[in-house]
Amino acid sequence: VPPTTEAPEPEHVVATASISTQGDLLMHKPVFASCQEGSGYDFTRIFKYSKDLISGYDYAIANLETTFGGDKYTYQGNPAFNCPDGLADGVKDTGYDMLLTVNNHAGDTMGDGMIRTIETVRAAGLASLGTQLPGEKRYSVVDINGIKVGMLCYTYATGLGPKGTPRLNGNAEIGEAGICNYFNYDNLPAFYSEVEGYLNDMKEAGAEATVLYVHWGDEY
C-alpha cells in the first residue's frame, strides 16, 4: 500500500572539515643540521614531499617533539631537545595550523624555554596546544569551516617538584604553575576527572566536536 504521507527530507550536511594529525616532529641534530644555510636554517626542504598533502587539509596539526629555547641553550637532539626557530617557519610554510607543544620533551629547556616555545610558535602564525601562558585557558575551541572543534592536549609527568609543578622526562621541575597540561600515572582518576571538566567547558564554549591528544604509553 503506498504511503499516505511524504517521506521527510533527509538531513542536510551544512559543513564538513578535514583535520590531519601527525606524530612527532622529532628534531635530532642531524635533521636540523641538514637544513643549515650559512648562519640560518631552511626547514622547508624536509617537508617538500609532504607539503601538498598537508596543505590539502582544512586544519593540520603535528606534535612538536623539541623546544625553541633559543641560543641560551645548546641546539641539540636527545636527551635535551632544542631546535633553531626556523623550524616554526618551515612548519607554517608547509601548511600546518597548530603544534602540540606538550610532551615528555617539552621541558627540555626548562620553564623559560617552554614559554619561549609558545611565543615562537605563535610568532610564526601557528596555534599552540598543551602549554599556555599564565592565565590562559588550557584548551582551544577552533572554528574549522564553520564547525567549532574543542581541542585539549596532555603529557605524562615523571614526578612533581617541591613547588608542586611537574618534572618532564626526568628533568628539573618546570617551576611555573599552570603553563603545562600534565597528568601522573599514579593518579589517573584525577586526570580523567579533570579532562571531563574541560570537555564540558569546551562544549559550553560552543564546541560541536572534541579532540583529545594524550602523550602517553610505553616508549619503543
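Before going into details, it helps to say that this report is about the structure given with it. (Residues numbered from 1 in each chain as written. Predicted model: local features only at pLDDT ≥ 70, side-chain atom pairs only at ≥ 80, totals over all residues. Heavy atoms only, no water.)

Side note on the overall build of the protein chain
For clarity, the threshold we go by: Runs of H or I in DSSP of at least four residues are treated as helices and runs of E of at least two as strands, each being numbered from the N terminus. To sort residues, take the accessible area from a 1.4 Å probe on protein chains only and compare it with the maximum for the residue type: under 20% means buried, over 50% means exposed, and anything in between is partly exposed. Any pair of residues with heavy atoms lying within 4.5 Å of one another is described as a contacting pair. Every accessible area reported is derived by Shrake-Rupley at a probe size of 1.4 Å, with residue values counting cover from the shown protein chains alone.
Along its length, the protein chain carries five helices and twelve strands. Dimensions along the principal axes, computed over C-alpha positions, put the protein chain at roughly 80 × 45 × 35 Å. In the protein chain, which comprises 220 residues, the proportion classed as buried is 41%. Considering only residue pairs separated by 6 or more positions, the protein chain has 72% of its internal contacts joining residues 24 or more positions apart. When the accessible surface of the protein chain is split by element, carbon and sulfur atoms take 50% of a total near 11600 Å².

Quick word on unusual backbone geometry
Across the junction of Asn 78 and Pro 79, the peptide omega takes the value 10 degrees, indicating a cis bond. Structurally, Pro 79 can be placed in the loop between β4 (59–65) and α3 (86–94). One non-glycine residue, Asn 145, adopts positive backbone phi at about 55 degrees. Position of Asn 145 among the secondary structure elements: in the loop between β7 (139–144) and β8 (147–156). What makes Asn 145 partly exposed here is its relative accessible area of 43%.

Points about the pattern of salt bridges
Which entries qualify depends on this criterion: By definition here, a salt bridge exists when the distance from a side-chain nitrogen of Lys or Arg to a carboxyl oxygen of Asp or Glu is within 4 Å.
On inspection of all chains with the given rule, the structure shows five salt bridges. A salt bridge links Glu 37 to Arg 45, with the shortest nitrogen-to-oxygen separation between them at 2.4 Å. The closest approach of N and O atoms between Asp 85 and Arg 116, which form a salt bridge, is 2.8 Å. In this pair, Asp 85 is assigned in the loop between β4 and α3 and Arg 116 in helix α4 (residues 110–123), connecting sequence segments 31 residues apart.

Description of the sheet that holds strand β1 (residues 19–26)
Quick reminder of the rule: DSSP-based pairing: two strands are paired if at least 2 bridges between them are found. Convention adopted: a line fitted to C-alpha atoms gives each axis, helices being fitted over their contacting stretch, and angles between N-to-C directions are expressed from 0 to 180 degrees.
As summarised here, the arrangement of the four strands in space is β1-β4-β5-β6, forming an open sheet in which the pairing is parallel. A single partner strand is all that each edge strand has here, and the edge strands are β1 and β6 (127–129). Between one strand axis and the next, the sheet turns by 25 degrees as a mean value, whatever way the strands run. Alignment of β1 against β4, held across seven bridges, turns out to be parallel. Each bridged residue has a counterpart across the sheet, and for Ser 20 the counterpart in β4 is Ala 60. Running over the sheet, α4 touches β4, β5 (98–100) and β6 and is turned about 145 degrees from β6.

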